[in-house]
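Analysis of the macromolecular model
Given next are the chains, with one letter for each unit.
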Amino acid sequence: MTGRPGKRDLLSVADLEHDLLTVLERAAAMKRARATGDLSPTRPGTNAAMIFEKASTRTRTSFEIAMNDLGGHAVYLSPKDMQLGRGETIADTARVLSRYVDVIVYRAYRRSDMAELARWATVPVINALDDREHPCQIVADLLTLRERWPSGFKGRRLAYVGDGNNVLNSLLLGSAIVGLDLVSATPPAYRPPSDLVATAQRLAQASGARLTFTEDPRAAARDADALYTDVWVSMGDEAEKEERERAFAGFQINDDLVGHARPEAFVLHDLPAHRGQEITDAVMDGPRAAIWDQAENRLHAQKALLELVLRRR
Ligand code: CP
Ligand code: NVA
């Protein structure tokens, strides 16, 4: 028998369709509590296995601290040290880890491997990034926007400039769910996949979000309330480095582009940044950067997501 009926996997932002606003509220509450020294240890005795096929600074650390805050424990696993790296199957790995832990956090190269792990795990699986999405990142991003826009997401315009990658894919779904207008500027060959856009447009119909697409970064930035970018060369895309750098020239968040946005607009980046490529030092280190709050919010978002999928013991 595969999986466990009713277990709560978070592989896509779309899996949060009915919970995203509640998760954001809970994350904000736990952030406020933590500032007073209350770590919200609501899931004592729980355990997480964290399999990371790729490098990570923020996601790994924030999940580990999040489990600790909740009263649980996290075990970090690198495939190069696991039998997975020597040919043990994902299915067998999932079945064994499910006997030890309450949740598996997985950063994978391929969505198909993410789906395979979720299929065989009898505990919830959380996608900590794959080639299709980065759902946990987008929860932190929306938390950051919510902090700056107390009146809500409706009528706000977020401009994403750069690669139509995992981050944009999750951002499209997240914006669609919360009712945020998102304009994406990508080179024509780097648009997000049409099936994902179709799902996002379906979700947008319910929330009233407007999702629009352009090849012109300035048109996207015009009158934006916030700007967002990500690397031109994601982990796994290294072989395309040179052609990508050519294709994305002009898709940089710099002072000129920020000048097209609203005067109070701020800038997001999920990090790590390639300074001088998709974003300049001046913007990253300047007063418009909401990037450091955004990075902090990974922790608070992670806690709310873990609480959602972890059962009380
Ligand atoms: N933004 C993000 O996921 O960063 P890491 O790769 O450092 O985890
Ligand atoms: N798009 C980037 C995000 C890194 C957090 C990547 O996949 O490498």
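So, here's what we can say about the structure. Just so it is clear, the structure is predicted and the values come from calculations on it, not from any experiment. (Residues numbered from 1 in each chain as written. Chains lettered and ligands numbered in written order. Predicted model: local features only at pLDDT ≥ 70, side-chain atom pairs only at ≥ 80, totals over all residues. Heavy atoms only, no water.)

**Thoughts on the pattern of salt bridges**
To be explicit about the condition: A pairing counts as a salt bridge when a side-chain nitrogen of Lys or Arg comes within 4 Å of a carboxyl oxygen of Asp or Glu. Classification of residues uses two cut-offs on accessible area relative to the type maximum, computed with a 1.4 Å probe and protein chains only: under 20% is buried, over 50% is exposed, and between them is partly exposed.
Counting across every chain of the model gives 26 salt bridges. For Arg110, the salt bridge is made with Asp113, and the minimal N-O distance between the two is 3.1 Å. Under the relative-accessibility criterion, Asp113 is labelled buried at 13%. Asp281 is paired through a salt bridge with Arg275; the nearest N and O atoms lie 2.9 Å apart. Using a relative accessible area of 42% as the deciding quantity, one classes Asp281 as partly exposed. Since its relative accessible area comes to 39%, Arg275 is described here as partly exposed.

**Brief notes about the site of ligand 2**
Threshold: Consider each residue's heavy atoms; a residue with any of them within 4 Å of a molecule or strand counts as near. Pairs of N or O atoms within 3.5 Å make up the polar contacts considered here, provided that, within protein, one atom can donate a hydrogen while the other can accept it, and that residues adjacent in sequence are counted only when both atoms are side-chain atoms. Every accessible area reported is derived by Shrake-Rupley at a probe size of 1.4 Å, with residue values counting cover from the shown protein chains alone. Lining residues are defined by having an atom within 4 Å of a point belonging to a cavity or pocket. Those points lie on a 1 Å grid over the protein atoms alone, cavities being sets where a 1.4 Å probe fits but cannot get out and pockets being open sets with protein on both sides within 12 Å along at least five of seven lines. Whether a molecule sits in a cavity or pocket is decided by its atoms, more than half of which must lie within 2 Å of the grid points. Following the grouping adopted for this structure description, the nonpolar residues are Ala, Val, Leu, Ile, Met, Phe, Trp, Tyr, Cys and Pro, the charged ones are Asp, Glu, Lys and Arg, and the polar ones are all others, Gly among them.
Residues in close proximity to ligand 2 include Leu129, His134, Asn165, Asn166, Asp230, Val231, Ser234, Met235, Asp270 and Leu271, which together make up its full environment. At a separation of 3.4 Å, a nitrogen atom of ligand 2 approaches a polar side-chain atom of Asn165. Contact with the protein chains removes 95% of the 270 Å² of surface that ligand 2 exposes when unbound. More than half of the atoms of ligand 2 fall within 2 Å of the grid points belonging to the largest pocket. Taken together, the residues of the shell around ligand 2 break down into 4 nonpolar, 4 polar and 2 charged.

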